Amino acid sequence: MREPLRTICVDLGLKGSVLLAPEGINGTVAGPPEGIDALVAELQQGTLFGGRLDHLELKFSQSSEMPFQRMKVRLKKEIVTLGAAVDPTRQVGTYVEPPTGTH
């Protein structure tokens, strides 16, 4: 999906950075409003992602200048890095019993 997504963005006149990982997609892109609209439509309804991104959380802002110099789409193992082997059964706090009585 990396190269097709990059091609779509470039063809729409967009620049920025997008991360693709098994957990999802994250990125920031800039370009003409019609290019942004077309990218959002492609992500939500296009064939590349097959409708899997129809509930994207989107945020929009405006800039008077292009904030990016090129378009990058990168593959990552994780978008939000949790670090090596996090095991919640081994790294726990102190368990506290609930109070007894009625409330």
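Scroll up to find the structure this text is about.
Note that the coordinates shown come from a computational prediction; the quantities given were computed from them, not determined experimentally.

Participant: Just to check I follow, could you spell out the sheet that holds strand β1 (residues 15–21) for this structure?
Facilitator: Strands belonging to one sheet form pairs held by backbone hydrogen bonds; the direction of such a pair is parallel or antiparallel. Taken in spatial order, the 3 strands line up as β2-β1-β3 in an open sheet, and their pairing is mixed. The open sheet has two edge strands with one neighbour each: β2 (24–30) and β3 (71–75). Taken over all neighbouring pairs, the strand axes of this sheet differ in orientation by 5° on average, direction set aside. In this sheet, β2 lies alongside β1 in antiparallel orientation, the contact comprising 7 bridges. Within β2, the position partnered with V18 by the bridge is G27. Here helix α1 (residues 2–11) sits on the sheet in contact with β1, β2 and β3, set at roughly 165° to β3.

Participant: Could you clarify how one ought to interpret a positive patch on the surface in this entry?
Facilitator: On the surface, a cluster of positive charge is made up of R2, R70, R74 and K76. Following the sequence through the fold, R70 ends up in the loop between α2 (33–45) and β3.

Participant: For this particular structure, what's the right way to read the nonpolar core?
Facilitator: One finds L5, C9, L39, L43, F49 and V73 to be the most contacted residues of the largest nonpolar core, which totals 14 residues. Secondary structure elements with two or more residues in this core: α1, β1, α2 and β3. No other element matches the 4 residues that α2 contributes to this core.

Rules used throughout
Residues numbered from 1 in each chain as written. Predicted model: local features only at pLDDT ≥ 70, side-chain atom pairs only at ≥ 80, totals over all residues. Heavy atoms only, no water. Pairing = 2+ DSSP bridges. Helix = DSSP H or I, 4+ residues; strand = E, 2+ residues; numbered from the N terminus. Axes fitted to C-alpha atoms, helices over the stretch in contact; angles between N-to-C directions. Contact = heavy atoms within 4.5 Å. Patch = residues over 30% accessible without salt bridge, like charges linked within 9 Å, V, L, I, M, F, W, Y side chains within 5 Å. Areas by Shrake-Rupley, 256 points an atom, 1.4 Å probe, with all protein chains shown as cover. Salt bridge = Lys/Arg side-chain N within 4 Å of Asp/Glu carboxyl O. Lys, Arg positive; Asp, Glu negative; His and termini not counted. Charge placed at Lys NZ, Arg CZ, Asp CG, Glu CD. Core = buried A, V, L, I, M, F, W, Y, C linked by side-chain atoms within 4.5 Å. Buried < 20%, exposed > 50% of the residue type's maximum accessible area, 1.4 Å probe, protein only.

What is shown is where atoms sit, not what they do.
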